[in-house]
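# A look at the structure
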Amino acid sequence: MAARSIASLTISFGLVSIPVKLYSATESSKAISFNMLHKTCGSRLKQQYLCIKEEIPVAREDIVKGYEFAKDQYVRFTPEELKAMEEVGTQTADITEFVPIESIDPVYFDKAYYLGPDKGGAKPYALLLKALAESDRCAIGRWAARGKQYIVMIRPLGSPLPGTGSKSDGLVMQQLLYADEVRSIKDVEIPPTEVKPAELKLAQQLIEAQASEAFDPTQYKDDVRARIEAAIEKKVEGQEITLAEEPASSAQVIDLMEALRASLEKKGGPKAKEKAAAASARKPPKRAEPAPAAARKKAKA
């Protein structure tokens, strides 16, 4: 089934204009939602807004919007004032710079859209796609829509690794978060901790034992959603749902080295076991305990 575009857009690339169509890259409809029902009769409930001062329901026509500038103090805005503050949609993404793809941390990634060439845009679309793919760079620009202004990153989808020359499938436009929307890792307390060389080596072996050439999302399934769908089907068929037993907790391993070796043996297969055995063999031998006096006398005799 062919995808349906949700909007049209023009990418401004120097003096070149590229007409494109926008397509949703993700499906929020895949999430399972439940409705609120009246416990007594099973009818759906509707949402109401209550005045916390008078404790009465407030009709939609009596609702205004306000901004809390101090505790319980608000400035009100009319719909016209709110509309006037919105960014006017231009239906244009103006490219301002090109940066290395790896220079943008994924923590800044927001909603993504696929881009497809619109009428008359096939040639410049293909040109931008190939130029970005071969330069290992992405385009950064601004896009105004739905009353807001966004930073966007336009990049080849399935970008090839540097030097591979593999073909990219198409362009994707990724909304990016602003700098003040992303918290700093410096706000997280991370105490300085020494890592022993032997521990690091085993950890690296464990990584290599489970390494893959590329991420394949089809290898991962949403088990929770599948479980909920199965439970819903049972309910529809009139069956009772039984709660699954919680998995037994594994014994806690205190020694980090032993935990790494056990993980390597469990996850890595025969080669990993060989590596773990080799690492164990390199451990310094334990000092021999002195034999008891009686044993020494017997040996001399």
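Along each chain, the written sequence defines residue order, and numbers are assigned to residues from 1. Where local features are concerned, this predicted model is filtered to residues with pLDDT of at least 70; where side-chain atom pairs are given and counted, the filter is 80 or more; whole-chain, interface and lining totals use all residues. Excluded from the side-chain calculations are hydrogens and water; all other atoms, namely the structure's heavy atoms, are used.

## Considerations on the overall build of the protein chain
What counts is decided by this rule: Helix and strand assignments follow DSSP, with helices taken as H or I runs no shorter than four residues and strands as E runs no shorter than two, numbered in order from the N terminus. Residue burial is assigned from relative accessible area. The probe radius is 1.4 Å, only protein chains are included, and a residue is buried under 20% of its type maximum, exposed over 50%, and partly exposed in between. Note on contacts: a residue pair qualifies if any of its non-hydrogen atoms lie within 4.5 Å across the two residues.
Helix and strand counts for the protein chain stand at six helices and eleven strands. For the protein chain, the residues scored as buried account for 19% of the 301 residues in total. When contacts within the protein chain are restricted to residue pairs at least 6 apart in sequence, long-range pairs at least 24 apart make up 62% of them.

## Focus on the pairing of strand β1 (residues 7-13)
This is how the line gets drawn: Any two strands are treated as partners once DSSP identifies two or more bridges connecting them.
As defined by bridge partners, β1 adjoins strand β2 (residues 16-24) across seven bridges and the pair is classed as antiparallel. Across the sheet, residue L9 finds its bridge partner in β2, namely V20. Counting the residues in the hairpin turn of β1 and β2 gives two residues, including G14, whose phi is positive at 65°. Bridge count for β1 against strand β7 (residues 92-100) is three bridges, and the pairing is parallel.

## A few points about the environment of M153
Looking at the element boundaries, M153 is found in strand β10 (residues 148-157). Its relative accessible area of 0% is what places M153 among the buried residues. For the pair M153 and I140, spaced 13 residues apart in sequence, the C-alpha to C-alpha distance is 4.7 Å. Discounting chain neighbours no more than four positions away, the residues touching M153 are I104, F109, C138, A139, I140, V172, M173, Q174 and L176.

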